[in-house]
Amino acid sequence: MSMIDPADVLAEAGPDPMPEPWDNRRTATMSLPLRPAQSTIVPGDSLTGRSLAAVVAIMTFLAALTTGAVIMVVNAATDWQSDVGREVTIQVRPVSGRNIENDVNAAVAIARASNGIADVRAYTKEESEKLVEPWLGSGLALGDLPIPRMIVIKLAPGPAPDFVGLRKTLATQVPSATLDDHRGWIDRMRTMATAAVAAGLGILVLVVAVTILSVTFATRGAMATNRPIVEVLHYVGATDGFIAGQFQRHFLMLGLKGGLIGGGGALLLFGIITAVDAWLAGTASGDEAAALFGNPSIGLAGFGAIFGQILLMAAVTALTSRHTVNETLKSID
Amino acid sequence: MIRFENVGLRYGLGPEVLRDLNFGIDSHSFQFLTGPSGAGKTSLLRLLFLTLRPTRGLISMFDHDTASLNKDGRATLRRRIGIVFQDFRLLDHLTTYENVSLPLRVFGKDEATYRAEVVELLHWVGLGERIDALPPILSGGEKQRAAIARAVIARPQLLLADEPTGNVDPNLGQRLLRLFIELNKSGTAVVIATHDIALMDEYDARRLVLHEGRLHVYD
């Protein structure tokens, strides 16, 4: 049987010789050039893909900044409470018939004898008078006034001292002395810190929710342009799992790319802030910054949380694409 | 190979667009599906391609009751059917070679096992010089041949073509018809949906005529 090339039949009109049936056995004799790697079924570099990566990058960056800010607020609030809670004071009032110097010394001795005390320092008479200057003014002869004396007690790390026992001992041995453990102030500070942390977490939840919604809608938008691909794959016999897998992989990579750019940018920013803070530590400007903003480092947990957000964004894009593919397939079938 | 028994189809709560279809398609057969516009040719093709389900009746394909198949089962059965769309439906970001080999790639075959076969088929349909061309730069006839090649690369038992000559000139239409005839000779059953009377007069084949939702078969 003679071999007629069907291409000739298709190429031009004229006499219509029938082509031989297609038979791939002839391919054994064909020389085949090496072919480049096949393109991905889902187009790798498209305008919608780049736009989606940009949206993911920007939203991840904003969410990461919010996370870092909340972590800083939490750290600062914890530091405030810790600083205030590490100090208590004993106030010794001048009482007629009692020697205030003896009472101060007795109170210092009682405090030093208690467990969990790191340091006890009694303010001198002059230092105590200076404490009331802001209210009474300077240049006055305060020597005749009954100025109370302050004893500042620094607590040792670890379990808190037995304040109830200390208060009882003071009451029996130094009746003019009262212990102030700043409970009221700490409670107010704790309430304020808790409110600040709750507000920060609330904002973080909103930002993450907005990020997820933005990424979801951007993914759906990008998927809309891929509907013809979904249809063709469906028509050539691809299973739903195969089609969804192709898109899920593609969008997972897009989400990771965007997340790494945005989250990586935020991580770099916090890394620079931490490095600058360490560099300025101990300097006057560093102390001022620390007083104003607290510790700017977000710590390992913060870096971990931001890395988690990168993965979350990638997962959101991948799952949204899968969901959209399944919806498209439902509408086709 | 395929059998329709009392098949009816309606969209939503509308009237039946296809009524009491009783016919079969044998293996190695060749038939034209024709009828006026809106007669339901595309709907019938979609029933044959398992992208629509009948509202009543029984469709048996390759010894399977299609009503009992799940989605993956329908996808697997669809691999035994090739379809050529009027608008080609080639993927613009894939080359002619990649478009034609897409079904085999989807079936999970290694490219080394089908590369020669795809190149051979592309030469066979006259696209040997357009292997690496992207669809946007192909002519209408070339796109149509690429679409046909994609439909037959997996050696389907049934080939469906929806108005395959609708977008090409009569000369090319005749040449495409000869291509379908040759594919039929190689063992594939062919159903060509068309309202091109001249095309049908070119080849003496069975005619399935849809009129007002009913099918009339002229063997």
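Residues numbered from 1 in each chain as written. Chains lettered and ligands numbered in written order. Predicted model: local features only at pLDDT ≥ 70, side-chain atom pairs only at ≥ 80, totals over all residues.

### A look at the overall build of chain A
For step 1, the next point in the chain: Helix and strand content of chain A: 10 helices and four strands.
For step 2, the next point in the chain: Going from N to C terminus, chain A has its helices and strands arranged as α-α-β-α-β-α-β-α-β-α-α-α-α-α.
For step 3, the next point in the chain: Residue burial in chain A is summarised as follows: out of 333 residues, 29% are buried.
For step 4, the next point in the chain: For chain A, restricting intrachain contacts to residue pairs at least 6 apart in sequence, the fraction spanning at least 24 positions comes to 84%. (Helix = DSSP H or I, 4+ residues; strand = E, 2+ residues; numbered from the N terminus. Buried ≥ 20, exposed ≤ 12 C-beta atoms within 10 Å, placed from the backbone. Contact = placed C-beta atoms within 7 Å.)

### Things to note about the overall build of chain B
For step 1, the next point in the chain: The helix and strand inventory of chain B stands at seven helices and 10 strands.
For step 2, the next point in the chain: Against the 2.2 N^0.38 benchmark of 17 Å for 219 residues, chain B shows a C-alpha radius of gyration of 17 Å, consistent with a compact globule.
For step 3, the next point in the chain: Structurally, chain B occupies a C-alpha span of about 50 × 40 × 30 Å along its principal axes.
For step 4, the next point in the chain: Sequence separation of 24 or more characterises 71% of the internal contacts of chain B that already satisfy a separation of 6 or more. (Rg over C-alpha atoms; globule rule 2.2 N^0.38 Å.)

### Structural notes on the pairing of strand β4 (residues 56-61) of chain B
Residue and element names in this part refer to chain B.
For step 1, the next point in the chain: Pairing between strand β1 (residues 2-10) and β4: five bridges, direction antiparallel. The residue of β4 that forms the bridge with Gly8 is Arg56.
For step 2, the next point in the chain: Two strands pair when backbone bridges link them, and β4 and strand β5 (residues 64-65) are joined in this way by two bridges, in the antiparallel orientation. The residue bridging Ser60 from the neighbouring strand is Asp65, located in β5.
For step 3, the next point in the chain: Between β4 and the antiparallel strand that follows it, β5, lie two residues; Phe62 among them carries a positive phi value of about 50°. (Pairing = 2+ DSSP bridges.)

### Quick look at the nonpolar core
For step 1, the next point in the chain: Of all hydrophobic cores here, the largest spans 111 residues; its most connected members are B:Leu122, B:Ala149, B:Leu159 and B:Leu160.
For step 2, the next point in the chain: When residues of this core are assigned to their parent elements, the largest contribution, 12 residues, is made by helix α2 (residues 47-85) of chain A.
For step 3, the next point in the chain: For B:Leu160, the contacting residues outside a window of four places in its chain are B:Leu45, B:Leu48, B:Phe49, B:Ile81, B:Ile83 and B:Val191. (Core = buried A, V, L, I, M, F, W, Y, C linked by C-beta atoms within 7 Å.)

### Digging into the sheet that holds strand β2 (residues 16-25) of chain B
As a general point, the strands of a sheet are linked pairwise by backbone hydrogen bonds and lie either parallel or antiparallel.
For step 1, the next point in the chain: What the four strands build is an open sheet, ordered β2-β1-β4-β5 (chain B); its pairing is antiparallel. Each of the sheet's edge strands pairs with one partner strand only, and the pair in question is β2 and β5 of chain B.

### Here we look at the environment of B:Leu122
Residue and element names in this part refer to chain B.
For step 1, the next point in the chain: Looking at where Leu122 falls in the secondary structure, it is placed in helix α4 (residues 111-124).
For step 2, the next point in the chain: On the basis of neighbour count, Leu122 is assigned to the buried category, with 23 C-beta atoms found within 10 Å.
For step 3, the next point in the chain: Residues Leu122 and Val217 lie 95 residues apart in sequence; the distance between their C-alpha atoms is 35 Å.
For step 4, the next point in the chain: Among residues more than four places away in sequence, those in contact with Leu122 are Thr96, Tyr97, Val100, Leu127, Gly128, Ile131 and Ala149.

### With respect to the sheet that holds strand β3 (residues 30-34) of chain B
Residues and elements named next belong to chain B.
For step 1, the next point in the chain: The mixed open sheet is built from six strands, whose spatial order is β6-β7-β8-β3-β9-β10. Among the strands making up the open sheet, the edge pair consists of β6 (81-84) and β10 (214-218). Ignoring strand direction, the axes of neighbouring strands in this sheet form an average angle of 20°.
For step 2, the next point in the chain: Examined bridge by bridge, β3 and strand β8 (residues 189-193) share four bridges and lie parallel to one another. When the bridges of β8 are listed, Phe32 appears paired with Ile192.
For step 3, the next point in the chain: Most of the contacts of helix α6 (residues 170-185) go to β8, to which it runs at about 155°, and overall it touches β3, β7 (158-162) and β8. (Axes fitted to C-alpha atoms, helices over the stretch in contact; angles between N-to-C directions.)

### Brief notes about the confidence of the model for chain A
All names here are of chain A.
For step 1, the next point in the chain: Looking at chain A, pLDDT values average 80 and 87% of them are 70 or higher.
For step 2, the next point in the chain: Confidence, read as mean pLDDT per element, is least for helix α1 (residues 6-11) in chain A (45) and greatest for helix α7 (residues 227-235) (91).
For step 3, the next point in the chain: Counting contacts from residues 1-19, a segment whose pLDDT is below 50, to residues more than four positions away or on other chains yields 29 contacts.
For step 4, the next point in the chain: Counting contacts from residues 24-29, a segment whose pLDDT is below 50, to residues more than four positions away or on other chains yields eight contacts. (pLDDT = per-residue confidence, 0-100.)

### As for the packing of helix α3 (residues 100-113) of chain A against helix α5 (residues 163-173) of chain A
Residue and element names in this part refer to chain A.
For step 1, the next point in the chain: The contact between α3 and α5 brings their axes to 10 Å, and the two run at 155°. Compared by their axis directions, α3 and α5 come out roughly antiparallel. As α3 packs across α5, the resulting crossing turns out to be right-handed. Side by side, α3 and α5 meet where Ala106, Ala107 and Ile110 of the first sit next to Thr169, Leu170 and Gln173 of the second.
For step 2, the next point in the chain: Class assignment of the residues belonging to the contact of α3 with α5 gives a composition of four nonpolar, two polar and no charged. (Parallel < 35°, antiparallel > 145°, perpendicular 65-115°, else oblique. Left-handed = near helix turned anticlockwise from the far one by under 90°. Nonpolar A, V, L, I, M, F, W, Y, C, P; charged D, E, K, R; others polar.)

### Quick word on helix α8 (residues 240-280) of chain A
For step 1, the next point in the chain: If you check α8(A), its first and last C-alpha atoms are 58 Å apart, about what 41 residues at 1.5 Å a residue would give, namely 60 Å.
For step 2, the next point in the chain: Backbone geometry just downstream of α8(A) places A:Gly282 in the positive-phi region, at approximately 90°. (Expected span 1.5 Å × (residues − 1).)

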